[in-house]
Amino acid sequence: MNKIGLIIKREYLTRVKKRSFIIMTFLGPLLMAALYIIPILLALRGDNEKRTIAVVDQSHWFEQQLIQSERQMFIPLGDISIDSTKRLVQEGKYDIALFIPATELNLPSSAVVYSMKQVPMNVEDHIREIMKNEIQVQKLLASGVDPDILEQIKTEVNLSVIRMDEGGGEKETFTEIQLLLGMVLALLIYLFIMLFGGQVMQGVMEEKSNRIVEIIVSSVKPFQLMMGKIIGVSLVALTQFLMWILLTGAIYLGFSAAVGISNPQAISAGTVMTQQISNSNIMDNEGVQNIVNIVRSIDFGAILTGFLIFFVLGYLLYATLFAAIGAIVENNTDSQQFTLPVTVPLIIGILTAVYIVNNPDGSLALWMSMIPFTSPIVMMVRIPFGVPIWQVAVSALILLGTFIGMTWVAAKIYRTGILMYGKKLSYKEIFKWLKY
Amino acid sequence: MKIEVNNVTKRYAGHLALNNVSMEVPAHGIYGLLGPNGAGKTTLIRILNQITAPDSGQVLIDGEPLHPKHIERIGYLPEERGLYKKMKVGEQAVYLAQLKGIGKAAAEQRLKQWFDRFEITGWWNKTVEELSKGMQQKIQFITTIIHEPDILIFDEPFSGFDPINANLLKESILELRDKGATILLSTHNMNSVEELCDRIALINKGEKILEGSVAEIRRQHHTSTHEILVQTEQRAEVMNLMDDFNLQIATSEAADTLKITFTGDSAKALLHRIMEVGNLVSYQEILPSMNDIFIQEVQSKNAQP
């Protein structure tokens, strides 16, 4: 086996075998799964507690409108005073008391709810809704409008946005979904670069402060050691990503089977995003066709390919910089002054991303997705909206070129830095190394 | 394998680490590379290991310029050395051996033998951080020689070893020499230089200031100092010689034996006189230690403008 292969293997295996990696691999999908499973579970199981609600409606407008349900018993008590209403709750005869005061001229538009415990949101909403509707109806009647007519006038406008391409193809787009997808992907790239770039830096620092590095560079070239580490860690990152996708898919499938929700599109899509999106609509039977359309509108092939290309290239570019920093410093405290200039472009990328989601085809978006240090993040925001293939290609090529150039620079810094012990270094000194 | 260093110069940012250094390390034997801290020893060693390249000059191994293929023929134990702390000892030793181009099975087999010899077989599955520094040094030594290199470079190999293990190490080094390895030993421990080295080079401020066989160098640096042991009843008579010959006299082990230290060329006349007043027990010329030569050479160089 050639030497760079040996290094890659060691870097990969030592990390994959770590407890923290295994925990993250399983915890990640569980957290993601929790994000969509818990709301569904809550919605399915709902709030089972039964409550008796005393209603003291001095205006008598609302008493009969409050709908009884299995879990909420509204019991009109007639006219009693506010103090005796409160006492009923304090004595535990009722869980909640609703007090609607009478007003002389108008309909009452305020009410008070008394309870010893926190009042559930749905109870509050129910009361508010009933009162609001009743008040509206009464006001309409007072103005001589039949409420039924108003109901007929209400119209939902369905605006379909169709994006056309040069070939005459048409595609319906769903801006909110694309926006969300873009932001999540950009954040994911940012996190992965910071996380695994940081691991490269830690690894280099460890070798330097352990003093094993001189033993190793007497067997292999420093460049081989650096690239072996960078590639090894990138494989760890890809493994983690793949495991997340598979496990998330598995958990979702298992869960869907368990609760009997079938939504094959979302499952086959395999990404977290779709699942979240479909979940938000999953209870809404009328929306099923809509979900299918949304899922169909998302080009998962392009997104996944784009993510892999820009993650790998972006990671490689930043990993070389992190490797160089690791070679310069010997401990974490010293590393900060050098990591800052490297993380700033990433943060700019994320800030730009927030701004350009509103106009992903604008010139700012275009340029930021071409500049190599921000392009991995910004391009990921744009890809769900659809980006001309030539732009993706140009951006990827610029990124690749920059990576090669930065590797050359980083290798020089790395080569000198790893063997400099116990010396605090300045930018000026590091700049000199580039000339050797 | 013979190493020739020809006019090697290496400059770091504004600092001349090696200035036109030439030396010849003959095949088979132990060659001492001496010099004060910062003299350029580590730079030279790194050049031999192809970790850095010289700015000018060249290094020949058996007449061939340094080539990546030579890397696997060299074993290097750096002064600043360590191991991966979280990795298991056996796994790590196999990895380092593989980096030197040995197959996994062969590496395991050889390592087992060495682990037995150093009585550390039980450590195979421990992580490095569980071991003491001395234990780690043993493992580093084994990984340095595991690929049976023709050239061995040891930079301060004895530091961190207790006397027992230092002895084990010394024996192993001598054994490797007897098997035909060319050994370059960089150390500040002058006793081990006298004990182990056949030849040495002394480097100071990037320049070689002395090279040759240890015996020859010591002879060249003789100070005409002699040590005479004499057994005599006539102590006063011997004392009388003090002024004539500029002697230092001290009582030796036995009450009737005197130890005389004498510096000068007229040894013959002195011996003649001494034998008149007592029995000559021993006579020998005292050669300076490598330690003295080291200090003297470096200080006289540094005193020069």
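Focus: the overall build of chain A
For chain A, the helix and strand inventory stands at 17 helices and six strands. For chain A, with 436 residues in total, the buried portion stands at 46%. The long-range share in chain A, meaning contacts at least 24 apart out of those at least 6 apart in sequence, stands at 70%. Total accessible area on chain A stands at roughly 22,600 Å², and carbon and sulfur atoms take up 63% of it.

Remarks on the interface of chain A and chain B
Facing 23 residues of chain A, the contacting portion of chain B comprises 26 residues. In total, chain A and chain B occlude about 2,500 Å² of area from one another, counting both sides; carbon and sulfur atoms represent 58% of this. Residue Arg46 of chain B is joined to Glu214 of chain A by a salt bridge in which the shortest nitrogen-to-oxygen separation is 2.9 Å. Where chain A packs against chain B, one counts ten residue pairs in polar contact (both at pLDDT 80 or more). If you list the elements that add at least two residues to the side of chain A that touches chain B, you get helix H1 (3-16), helix H6 (175-210) and helix H7 (213-217) of chain A.

Digging into the packing of aromatic side chains
Under the criterion given, the structure shown has twelve aromatic pairs over all chains. The interplanar angle of 80 degrees and the centroid separation of 6.0 Å between the aromatic rings of Tyr318 of chain A and Phe373 of chain A together place this pair among those described as edge-to-face. Taken as a pair, Tyr318 of chain A in helix H12 (residues 300-328) and Phe373 of chain A in the loop between helix H14 (363-368) and helix H15 (375-382) lie far apart in primary sequence, 55 residues in all. By way of ring pairs, the aromatic residues Phe192, Phe196, Phe241, Trp244, Phe307, Phe311 and Tyr315 of chain A are connected into one cluster. Lying across the ring of Trp124 of chain B, Lys112 of chain B places its NZ or CZ 4.6 Å from the centre.

Thoughts on the sheet that holds strand S3 (residues 96-100) of chain A
Within a beta sheet, neighbouring strands are joined by backbone hydrogen bonds and run either parallel or antiparallel to one another. Residue and element names in this part refer to chain A. Read from one edge to the other, the open sheet built from four strands follows the order S2-S1-S3-S4, with strand pairing classed as mixed. Strand pairing shows two members of the sheet lacking a second neighbour, strand S2 (72-76) and strand S4 (112-115), which therefore form its edges. Pairs of neighbouring strands in the sheet enclose a mean axial angle of 25 degrees, with direction left out of account. As paired elements, S3 and S4 share four bridges and run antiparallel to each other. Looking at the pairing, Ile96 lines up with Ser115 of S4. Sheet strands in contact with helix H3 (residues 82-90) are strand S1 (51-57), S3 and S4, and its direction is about 165 degrees off that of S3. Running over the sheet, helix H4 (residues 121-142) touches S1, S2, S3 and S4 and is turned about 50 degrees from S2.

Looking at empty space enclosed by the protein
The tally for this structure, following the rule as stated, stands at one cavity of 30 Å³ or more. Space inside the largest cavity adds up to approximately 80 Å³. If you go around the largest cavity, the residues you meet are Ile215, Ile216, Ser218 and Ser219 of chain A together with Tyr76, Leu96, Lys100, Thr143, Thr144 and His147 of chain B. Elements with a minimum of two residues in the lining of the largest cavity: H7 of chain A together with helix H4 (133-145) of chain B. Here the lining of the largest cavity is built from residues that sort into four nonpolar, five polar and one charged.

Points about the confidence of the model for chain B
Scored by pLDDT, chain B has a mean of 87; 99% of the residues are at 70 or more. Scoring of the predicted complex yields 0.75 for pTM and 0.81 for ipTM.

Brief notes about the packing of H4 of chain B against helix H5 (residues 163-178) of chain B
Residue and element names in this part refer to chain B. The N-to-C vectors of H4 and H5 enclose an angle of 5 degrees; their axes lie 12 Å apart at closest approach. The angle between H4 and H5 falls in the class roughly parallel. Contact residues: H4 offers Lys138, Phe141 and Ile145, while H5 offers Asn165, Leu169, Ser172, Ile173 and Leu176. Residues belonging to the contact of H4 with H5 are distributed by class as follows: five nonpolar, two polar and one charged.

Focus: the pairing of strand S6 (residues 74-77) of chain B
Residues and elements named next belong to chain B. Along S6, one buried face is formed by Ile74 and Tyr76 and the opposite face, lined by Gly75 and Leu77, is buried too. Pairing geometry for S6 and strand S7 (residues 151-155), over four bridges, is parallel. Looking at S7, one finds that Leu77 is bridged to Phe154.

Quick look at the sheet that holds S7 of chain B
Residues and elements named next belong to chain B. Taken in spatial order, the six strands line up as S6-S7-S8-S3-S9-S10 in an open sheet, and their pairing is mixed. The open sheet has two free edges, formed respectively by S6 and strand S10 (207-213), since each of these has just one partner strand. Going across the sheet, the axis of each strand differs from the next one's by a mean of 15 degrees, ignoring polarity. Pairing between strand S9 (residues 199-204) and S10: six bridges, direction antiparallel. Residue pairing across strands places Arg199 opposite Ser213, the latter belonging to S10. This element, helix H10 (residues 290-303), spans strand S3 (29-34), S9 and S10 of the sheet and lies at about 30 degrees to S9.

Focus on the pattern of salt bridges
A side chain with one charge may pair with a side chain of the opposite charge, provided their charged atoms come close. Scanning the model with the defined rule gives 25 salt bridges over all chains in all. The partner of Asp361 of chain A in a salt bridge is Arg382 of chain A, and the shortest N-O contact between them spans 3.7 Å. Within this pair, whereas Asp361 of chain A is found in the loop between helix H13 (332-356) and H14, its partner Arg382 of chain A is found in helix H15, the two being separated by 21 residues in sequence. The salt bridge involving Glu227 of chain B is made with Lys259 of chain B; its shortest N-O contact spans 4.0 Å.

Focus: the confidence of the model for chain A
Residue and element names in this part refer to chain A. For chain A, the average pLDDT comes to 80, and 85% of its residues sit at 70 or higher. When pLDDT is averaged over each helix and strand of chain A, the minimum, 41, is found for helix H9 (residues 264-269) and the maximum, 93, for H1. Note on residues 262-285: pLDDT is under 50 here. Beyond four places in sequence and across chains, it has 44 contacts.

Description of H1 of chain A
All names here are of chain A. If you check H1, its first and last C-alpha atoms are 20 Å apart, about what 14 residues at 1.5 Å a residue would give, namely 20 Å. Of all the residues in H1, the buried ones are Lys3, Leu6, Ile7, Ile8, Arg10, Glu11 and Arg15. For H1, the N-terminal cap is Asn2; the gap from its side-chain oxygen to the backbone nitrogen of Ile4 is 3.1 Å.

Quick word on the side chain of Ser186 of chain B
Residue and element names in this part refer to chain B. For Ser186, the position within the fold is in strand S8 (residues 182-186). On the basis of relative accessibility, which here comes to 1%, the residue Ser186 falls in the buried class. In this structure the side chain of Ser186 is engaged in a polar contact, spanning 3.2 Å, whose partner is the side chain of Asp155. Setting aside its immediate chain neighbours within four residues, Ser186 contacts Leu33, Lys41, Ile45, Phe154, Asp155, Glu156 and Pro157.

What about the packing of H15 of chain A against helix H16 (residues 389-417) of chain A?
Residue and element names in this part refer to chain A. At a minimum axis distance of 11 Å, the contact between H15 and H16 shows a crossing angle of 165 degrees. With respect to each other, H15 and H16 are oriented roughly antiparallel. Of the two elements, H15 crosses H16, and the hand of that crossing is left-handed. Residues Ser375, Pro376, Met379 and Arg382 of H15 form the contact with H16, whose participating residues are Gln391, Val392, Ser395 and Leu399. Tallied by class, the residues present in the contact of H15 with H16 amount to four nonpolar, three polar and one charged.

Examining H4 of chain A
Residues and elements named next belong to chain A. Under the 1.5 Å per step criterion, the end-to-end length of H4 is 31 Å for 22 residues, consistent within 8% with the ideal 32 Å. Buried within H4 are the following residues: Val123, His126, Ile127, Ile130, Met131, Glu134, Ile135 and Leu140. Against the buried residues of H4 lie S1, S2, S3, S4 and helix H5 (147-153). Among the residues trailing H4, Gly144 stands out with phi positive, at a value near 85 degrees.

Conventions and cut-offs
- Residues numbered from 1 in each chain as written.
- Chains lettered and ligands numbered in written order.
- Predicted model: local features only at pLDDT ≥ 70, side-chain atom pairs only at ≥ 80, totals over all residues.
- Heavy atoms only, no water.
- Helix = DSSP H or I, 4+ residues; strand = E, 2+ residues; numbered from the N terminus.
- Buried < 20%, exposed > 50% of the residue type's maximum accessible area, 1.4 Å probe, protein only.
- Contact = heavy atoms within 4.5 Å.
- Areas by Shrake-Rupley, 256 points an atom, 1.4 Å probe, with all protein chains shown as cover.
- Buried area = accessible area lost by both parts, 1.4 Å probe.
- Salt bridge = Lys/Arg side-chain N within 4 Å of Asp/Glu carboxyl O.
- Polar contact = N/O pair within 3.5 Å; in protein donor to acceptor, adjacent residues only side chain to side chain.
- Phe/Tyr/Trp six-rings, centres within 6.5 Å; stacked < 30°, edge-to-face > 60°.
- Lys NZ or Arg CZ within 6 Å of the ring centre and 35° of its normal.
- Pairing = 2+ DSSP bridges.
- Axes fitted to C-alpha atoms, helices over the stretch in contact; angles between N-to-C directions.
- 1 Å grid on protein atoms, 1.4 Å probe; cavity = no way out; pocket = protein on both sides within 12 Å on 5 of 7 lines; lining within 4 Å.
- Points joined across faces, edges and corners; volume = space filled by probe spheres on them.
- Nonpolar A, V, L, I, M, F, W, Y, C, P; charged D, E, K, R; others polar.
- pLDDT = per-residue confidence, 0-100.
- Parallel < 35°, antiparallel > 145°, perpendicular 65-115°, else oblique.
- Expected span 1.5 Å × (residues − 1).
- Left-handed = near helix turned anticlockwise from the far one by under 90°.

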